[in-house]
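What the coordinates show
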Amino acid sequence: MRAPDESKARHERLVRLGLEVSRHRPARLIRRRNGQWALTVGTETVYCAGAEGVYAYVTHHGLILSPANDEGLAQAATHLATGGGQ
């Protein structure tokens, strides 16, 4: 089971990514049945993976988009907004 603060940190990072992407494309934050948060943009599903303060944005297919930091946020948002995952 994940620590509550780890889940909260992942959720917060996905919220930030969703806000950034939604400026260009519709994005929706969902909670999976297993309790894991995911961001859907078009046909792409993105998760925030990692632990102990080191996180990355990862697609459903295992492609690492970028680190989940300020620089990586812009990189992942650009990738998703331009439809790079399709």
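In what follows, the structure referred to is the one given above.
In short, a report on the structure.

The rules we used
Residues numbered from 1 in each chain as written. Predicted model: local features only at pLDDT ≥ 70, side-chain atom pairs only at ≥ 80, totals over all residues. Heavy atoms only, no water. Core = buried A, V, L, I, M, F, W, Y, C linked by side-chain atoms within 4.5 Å. Buried < 20%, exposed > 50% of the residue type's maximum accessible area, 1.4 Å probe, protein only. Helix = DSSP H or I, 4+ residues; strand = E, 2+ residues; numbered from the N terminus. Contact = heavy atoms within 4.5 Å. Pairing = 2+ DSSP bridges. Salt bridge = Lys/Arg side-chain N within 4 Å of Asp/Glu carboxyl O. Expected span 1.5 Å × (residues − 1).

1. Topic: the nonpolar core
- Counting 16 residues, the largest nonpolar core has Leu17, Val21, Leu39, Val46, Tyr57, Leu65 and Leu80 as its most contacted members.
- Looking at this core, the elements with two or more residues in it are α1 (4-21), β2 (37-41), β3 (44-51), β4 (54-59) and α2 (70-81).
- Ignoring anything within four residues of it in the chain, the contact list for Leu80 reads Leu17, Val21, Arg25, Val41, Glu44, Val46 and Leu65.

2. So, the side chain of Thr40
- Looking at the element boundaries, Thr40 is found in strand β2.
- Taking relative accessible area as the criterion, Thr40 reaches 17% and is therefore assigned buried.
- If sequence neighbours within four positions are ignored, Thr40 has contacts with Pro26, Ala27, Arg28, Ile30 and Thr45.

3. Examining unusual backbone geometry
- Even without a glycine there, the phi angle at Glu52 is positive, about 55°.
- If you trace the backbone, Glu52 turns up in the loop between β3 and β4.

4. Structural notes on the environment of Leu14
- Looking at the element boundaries, Leu14 is found in helix α1.
- What makes Leu14 buried here is its relative accessible area of 1%.
- With 48 residues separating them along the chain, Leu14 and Gly62 place their C-alpha atoms 16 Å apart.

5. Some thoughts on the pairing of strand β1 (residues 27-31)
- Alignment of β1 against β2, held across five bridges, turns out to be antiparallel. Each bridged residue has a counterpart across the sheet, and for Arg31 the counterpart in β2 is Trp37.
- Turn length for the β1-β2 hairpin, with the two strands adjacent in sequence and antiparallel, is five residues, and the turn residue Gly35 shows positive phi of about 90°.

6. Considering the pattern of salt bridges
- In this structure the tally under the stated criterion is two salt bridges.
- In this structure, Arg16 and Asp70 form a salt bridge, with 2.6 Å as the shortest nitrogen-oxygen distance. In this pair, Arg16 is assigned in helix α1 and Asp70 in helix α2, connecting sequence segments 54 residues apart.
- Assessed through its relative accessible area of 39%, Arg16 is described here as partly exposed.
- Taking relative accessible area as the criterion, Asp70 reaches 56% and is therefore assigned exposed.
- The salt bridge partner of Arg23 is Glu20, with a shortest N-O separation of 3.7 Å.

7. Comments concerning α1
- For α1, built from 18 residues, the straight-helix expectation of 26 Å at 1.5 Å per residue is met to within 8% by its first-to-last C-alpha distance of 26 Å.
- Along α1, the positions that sit buried rather than exposed are Glu6, Ala9, Arg10, Leu14, Leu17, Gly18 and Val21.
- Considering only its buried residues, α1 is in contact with β1, β2, β3, β4 and α2.

Geometric values such as these leave the question of function open.
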